[in-house]
Amino acid sequence: MSSIRTLAIIKPDSVRSKNAGKILSMIEESGLKVEAMRMFCLTRELAGEFYAVHREKPFYEELLDFMTSGPCIALTLAGENAITRWRELMGATNPEAAAPGTIRKLYGTSVQFNACHGSDAPETAREEVAFFFSGAELPKS
Ligand code: CMP
């Protein structure tokens, strides 16, 4: 068991469809702690860097179109097993396969427009948190 920090993104589809507040409530009700939050529009360059691991995938350019299509909200979440808990709350990448009651099942509309993002492992979480937040913005642990 470890108290750890993870990165969450409420994606442009959720902001556009006014589901951001509902998703924030689900996060708070889950017991995960919201430590820091920023709302902004990603540039194509930043979106490309963030999703560089998918550069060779056929959906990469469409993913960048989507992630730069409007504002998104990046958050750091903390708590015991935060990475796993946030991934469980999000549900499977493809909303069709996501469990009932998960964010992606409720608010995602396709494998691309899937409402939110979460880091998948401790090293990725450290990198993704640092991508959007400076140490000065985060609580001292
Ligand atoms: P995310 O968890 O942010 O990680 C990569 C993103 O790429 C994913 O959510 C989806 O938004 C998108 N994605 C993953 N697989 C596909 C796919 N098969 N087709 C289109 N977009 C995808």
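A brief report on the enclosed structure follows.

Parameters and conventions
Residues numbered from 1 in each chain as written. Predicted model: local features only at pLDDT ≥ 70, side-chain atom pairs only at ≥ 80, totals over all residues. Heavy atoms only, no water. Helix = DSSP H or I, 4+ residues; strand = E, 2+ residues; numbered from the N terminus. Rg over C-alpha atoms; globule rule 2.2 N^0.38 Å. Buried < 20%, exposed > 50% of the residue type's maximum accessible area, 1.4 Å probe, protein only. Areas by Shrake-Rupley, 256 points an atom, 1.4 Å probe, with all protein chains shown as cover. Lys, Arg positive; Asp, Glu negative; His and termini not counted. Charge placed at Lys NZ, Arg CZ, Asp CG, Glu CD. Near = heavy atom within 4 Å. Polar contact = N/O pair within 3.5 Å; in protein donor to acceptor, adjacent residues only side chain to side chain. Arc of directions from axis to C-beta. Salt bridge = Lys/Arg side-chain N within 4 Å of Asp/Glu carboxyl O. Contact = heavy atoms within 4.5 Å.

**Description of the overall build of the chain**
And then number 1: Within the chain one finds seven helices and four strands.
And then number 2: Beginning at the N terminus, the succession of helices and strands in the chain can be written as β-α-α-β-α-α-β-α-α-β-α.
And then number 3: On C-alpha atoms alone, the chain measures out to a radius of gyration of 14 Å, which is about the 14 Å that the 2.2 N^0.38 rule sets for 141 residues.
And then number 4: A principal-axis box enclosing the C-alpha atoms of the chain has dimensions of 40 × 35 × 25 Å.
And then number 5: Counting over 141 residues, the chain shows a buried share of 45%.
And then number 6: For the chain, the exposed surface amounts to about 7400 Å²; the carbon and sulfur share of it is 55%.
And then number 7: Averaging the coordinates of the 16 positive side-chain charges in the chain and doing the same for the 18 negative ones gives two points 4 Å apart.

**Let's talk about the site of the ligand**
And then number 1: By nearness alone, every residue bordering the ligand is listed as Lys 11, Tyr 51, His 54, Phe 59, Leu 63, Arg 104, Val 111, Gln 112, Asn 114 and His 117.
And then number 2: Here Asn 114 contributes a side-chain N or O atom positioned 3.0 Å from an oxygen atom of the ligand.
And then number 3: Protein burial of the ligand: of its 460 Å² of free accessible surface, 79% is covered by the chains.

**Points about the environment of Lys 57**
And then number 1: The topology assignment puts Lys 57 in the loop between helix H3 (44-50) and helix H4 (60-67).
And then number 2: Considered as a pair, Lys 57 and Val 34 are 23 residues apart in the sequence and their alpha carbons are 32 Å apart.

**Details of helix H7 (residues 122-132)**
And then number 1: Regarding H7, the residues found buried are Ala 125, Glu 128, Val 129 and Phe 132. Viewed end-on, H7 has its buried residues packed into an arc of 100 degrees, placing them on one side of the element. Of the exposed residues in H7, those oriented more than 90 degrees away from the buried face are Arg 126 and Ala 130.

**A closer look at the pattern of salt bridges**
And then number 1: Applying the stated criterion across every chain yields a total of four salt bridges.
And then number 2: Among the ionic pairs, Arg 5 bridges to Glu 35, the shortest N-O distance being 2.6 Å. Here Arg 5 is found in strand E1 (residues 3-10), whereas its partner Glu 35 is found in strand E2 (residues 33-40), with 30 residues between them in sequence.
And then number 3: For Glu 61, the salt bridge is made with Arg 44, and the minimal N-O distance between the two is 2.8 Å. Of this pair, Glu 61 sits in helix H4 while Arg 44 sits in helix H3, and the two are 17 residues apart along the sequence.
And then number 4: The partly exposed category is assigned to Glu 61, whose relative accessible area is 47%.
And then number 5: Accessibility expressed as a relative area gives 37% for Arg 44, which makes it partly exposed.
And then number 6: A single salt-bridge network, built from bridges that share partners, covers Arg 44, Glu 61 and Asp 65.

**Quick notes on the environment of Asn 19**
And then number 1: Examined against the element boundaries, Asn 19 turns out to sit in the loop between helix H1 (12-16) and helix H2 (20-30).
And then number 2: Here the alpha-carbon distance between Asn 19 and Thr 109, two residues 90 residues apart in the chain, equals 12 Å.
And then number 3: Each residue touching Asn 19, except ones within four places of it in the same chain, is listed here: Ser 14 and Tyr 107.
And then number 4: Engagement of the side chain of Asn 19 in a polar contact is seen with the side chain of Ser 17, the distance being 3.0 Å.

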